[in-house]
Amino acid sequence: MPLKRAVIVPGNGAGNIEHCNWYGWAKKRIDEIPDVSCALKNMPDPVTARESIWLPFMEKDLKCDEETVIIGHSSGAAAAMRYAETHKVFAIILVGAYTSDLGDENERESGYFSRPWEWEKIRTNVKYIIQFGSTDDPFLPWEEQQEVADGLKADLHKYSDRGHFQNTAFPELIDAIKKLKTN
């Protein structure tokens, strides 16, 4: 199956995601790639980002499937990983991924961190796994980002100056999607 769709799953609390971080910018650039369309929708339950609400939305409304790359940022990365435990997708691109609730009650309530990660299932269900992380992320310890990379054997793009990837442009992401398109 070829890559035909990209879906951006934002971090929790993003508000109107067209105007948040690099999401709207990336959608425009992805839509310019021949034969690839990008879905970018405000998520239901945007603050707590509960797995029980987000994963069905990703399946039914965003239609994530074997021709889709899921681009997950922060809690969207956690959603992408949990989704890939039980669904086949073309690729996942994880931006600011982590493995625990970080001691935060809202993160705990999301449900993503209530059980061990099934790295093997994710690797089996996904053709390509790319991860972007930064050692200066103010919210995520590098150890957790590295744990994701090791568990998934991800193609890790490690930075020291990107924080939590909340900038307005993200050209390396577009380059990664173009590369997936040619694979």
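Residues numbered from 1 in each chain as written. Predicted model: local features only at pLDDT ≥ 70, side-chain atom pairs only at ≥ 80, totals over all residues. Heavy atoms only, no water.

Points about the overall build of the protein chain
Part 1: Along the protein chain, the regular secondary structure elements total seven helices and six strands.
Part 2: Secondary structure elements in the protein chain, listed N-terminal to C-terminal, are β-α-β-α-β-α-β-α-α-β-α-β-α.
Part 3: Taking 183 residues into account, the globule formula puts the C-alpha radius of gyration at 16 Å, and the protein chain, at 15 Å, falls close to it.
Part 4: Pairs at least 24 residues apart make up 71% of the contacts formed inside the protein chain by residues separated by at least 6 positions.
Part 5: About 8,000 Å² of surface is accessible on the protein chain, with carbon and sulfur atoms providing 50% of the total. (Helix = DSSP H or I, 4+ residues; strand = E, 2+ residues; numbered from the N terminus. Rg over C-alpha atoms; globule rule 2.2 N^0.38 Å. Contact = heavy atoms within 4.5 Å. Areas by Shrake-Rupley, 256 points an atom, 1.4 Å probe, with all protein chains shown as cover.)

Re the packing of helix α2 (residues 51-60) against helix α3 (residues 75-86)
Part 1: The N-to-C vectors of α2 and α3 enclose an angle of 70°; their axes lie 10 Å apart at closest approach. By the angle between their axes, α2 is roughly perpendicular relative to α3. By crossing handedness, the relation of α2 to α3 is classed as right-handed. Seen from α2, the contacting residues are Glu 51, Trp 54, Leu 55, Met 58 and Glu 59; seen from α3, they are Ser 75, Gly 76, Ala 79, Ala 80, Arg 82 and Tyr 83.
Part 2: Taken together, the residues of the contact of α2 with α3 sort by class into six nonpolar, two polar and three charged. (Axes fitted to C-alpha atoms, helices over the stretch in contact; angles between N-to-C directions. Parallel < 35°, antiparallel > 145°, perpendicular 65-115°, else oblique. Left-handed = near helix turned anticlockwise from the far one by under 90°. Nonpolar A, V, L, I, M, F, W, Y, C, P; charged D, E, K, R; others polar.)

Topic: the packing of helix α1 (residues 23-31) against helix α7 (residues 171-182)
Part 1: The N-to-C vectors of α1 and α7 enclose an angle of 30°; their axes lie 10 Å apart at closest approach. Relative to α7, the element α1 lies roughly parallel. Once α1 is placed against α7, the crossing between them reads as right-handed. Packed against α1, whose contacting residues are Trp 25, Ala 26, Arg 29 and Ile 30, the element α7 presents Pro 171, Leu 173, Ile 174 and Ile 177 at the interface.
Part 2: A per-class count over the contact of α1 with α7 returns seven nonpolar, no polar and one charged.

Section: the pattern of salt bridges
Part 1: Per the counting criterion, the structure on display carries ten salt bridges.
Part 2: For Lys 4, the salt bridge is made with Glu 67, and the minimal N-O distance between the two is 3.8 Å. Residue Lys 4 is found in the segment before β1 (5-9), and its partner Glu 67 is found in the loop between α2 and β3 (68-73); the two are separated by 63 residues along the sequence.
Part 3: Three or more residues joined by partner-sharing salt bridges are found here, namely Asp 161, Arg 162 and Glu 172. (Salt bridge = Lys/Arg side-chain N within 4 Å of Asp/Glu carboxyl O.)

So, the side chain of His 73
Part 1: Mapping His 73 onto the fold places it in strand β3.
Part 2: Look at His 73 and you get buried, because its relative accessible area is 2%.
Part 3: Here the side chain of His 73 touches His 164 through a polar contact of 2.8 Å, landing on its backbone oxygen.
Part 4: There is a polar contact of 3.5 Å between the side chain of His 73 and the backbone oxygen of Phe 165.
Part 5: Those residues in contact with His 73 that lie beyond four places of it in its chain are Val 9, Pro 10, Gly 11, Asn 21, Trp 22, Tyr 23, Val 95, His 164, Phe 165 and Gln 166. (Buried < 20%, exposed > 50% of the residue type's maximum accessible area, 1.4 Å probe, protein only. Polar contact = N/O pair within 3.5 Å; in protein donor to acceptor, adjacent residues only side chain to side chain.)

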